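As a plain string of letters, each chain reads:
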Amino acid sequence: MQTHQMYVNGEYIKSTGDEWIDIINPATEQVISKIPKGTEEDVNKAVEAAHQAQQAWELTPNIERGKIVRKLGDKIAENRDKFIDLLQEEQGKDYELASGEVDLAIDYFHYMSEWARRIEGEIVPSDRPNENILVYKKPIGVVAGIIPWNFPIFILARKVATALVTGCTIVIKPSQQTPNTAMEFTKLVDAMEEIPAGVL
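Residues numbered from 1 in each chain as written. Predicted model: local features only at pLDDT ≥ 70, side-chain atom pairs only at ≥ 80, totals over all residues. Heavy atoms only, no water.

### As for the overall build of the protein chain
- Of regular secondary structure, the protein chain possesses six helices and nine strands.
- Seen through its C-alpha atoms, the protein chain measures out along the principal axes to roughly 70 × 40 × 30 Å.
- Across the 200 residues that make up the protein chain, the buried fraction comes to 42%.
- Contacts in the protein chain between residues far apart in sequence, at least 24 positions, make up 71% of those at least 6 positions apart.
- Summing over all exposed atoms, the protein chain offers an accessible surface of approximately 11300 Å²; the carbon and sulfur share of this is 52%.
- Once the 21 positive and 31 negative side-chain charges of the protein chain are each reduced to a mean point, those two points are 4 Å apart. (Helix = DSSP H or I, 4+ residues; strand = E, 2+ residues; numbered from the N terminus. Buried < 20%, exposed > 50% of the residue type's maximum accessible area, 1.4 Å probe, protein only. Contact = heavy atoms within 4.5 Å. Areas by Shrake-Rupley, 256 points an atom, 1.4 Å probe, with all protein chains shown as cover. Lys, Arg positive; Asp, Glu negative; His and termini not counted. Charge placed at Lys NZ, Arg CZ, Asp CG, Glu CD.)

### Notes on helix α2 (residues 62-78)
- Between the first and last C-alpha of α2 there are 24 Å, a value that for 17 residues agrees with the 24 Å anticipated at 1.5 Å per step.
- By the burial criterion, the buried members of α2 are R65, G66, I68, V69, L72, G73 and I76. Mapping the buried residues of α2 onto a view down its axis gives an arc of 160 degrees, with all of them on the same face. The exposed set on the far side of α2, more than 90 degrees from its buried face, consists of K67 and E78.
- Each element contacted by the buried residues of α2 is listed here: α1 (40-59), α3 (80-91), α4 (95-113), α5 (152-165) and α6 (180-191). (Expected span 1.5 Å × (residues − 1). Arc of directions from axis to C-beta.)

### A look at the side chain of S99
- Tracing the backbone through its elements, the reader meets S99 in helix α4.
- What makes S99 buried here is its relative accessible area of 9%.
- Among the polar contacts listed, one links the side chain of S99 to the backbone oxygen of E96, at a separation of 3.1 Å.
- Excluding residues that lie within four positions of it along the chain, S99 makes contacts with R80 and I84. (Polar contact = N/O pair within 3.5 Å; in protein donor to acceptor, adjacent residues only side chain to side chain.)

### Overview of the packing of aromatic side chains
- Applying the stated criterion to the full structure yields five aromatic pairs.
- With centroids separated by 4.9 Å and ring planes inclined at 50 degrees, the aromatic side chains of Y7 and Y12 adopt a geometry described as tilted.
- Taken together, the ring pairs connect Y108, Y111, W115 and F154 into an aromatic cluster.
- Geometry around W115 places R118 over its ring, the cationic atom sitting 5.9 Å from the centre. (Phe/Tyr/Trp six-rings, centres within 6.5 Å; stacked < 30°, edge-to-face > 60°. Lys NZ or Arg CZ within 6 Å of the ring centre and 35° of its normal.)

Everything listed here is a matter of coordinates, which is why it stays silent on function.
See below:
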């Protein structure tokens, strides 16, 4: 049984609180892991780390962010069986549904990586003579992503890939029923030197 820590600013840290949540396998009703019940102070630490990482991440060229997002999809593909097993264990999905969800997550990371080449602005004609309006897209900053229990790896992909490719940092909060896939995902992020601390 794993006892998870919080992943903040590129490190696994203890919660400032002392409460834990048992993660139950719905098929066996056995406790399969424990996660800390986060506090407001924990959230503030994560948001501050993401805020500190935002400026450098935003300045990373779109194409480089796209390559990183694609590599995240590749890393999930390399660990496909593990993610399928985790979904089955923590959620009770059968193999077909679990494998389908993992494959959708891989595809979504790959799909969003291609948008790096499509983040473009516009030149809009003005109503006034000899004037044009330039529209360019800019990251909005730190994004919060709440991951539901029913599609924990696919919805994670939709939130993380989209934020990262557009130059935003992200703080995710996995479901307290199905956090193990998100925790496994943090290991992939932690192993990638291309992703600076605090970006996720």
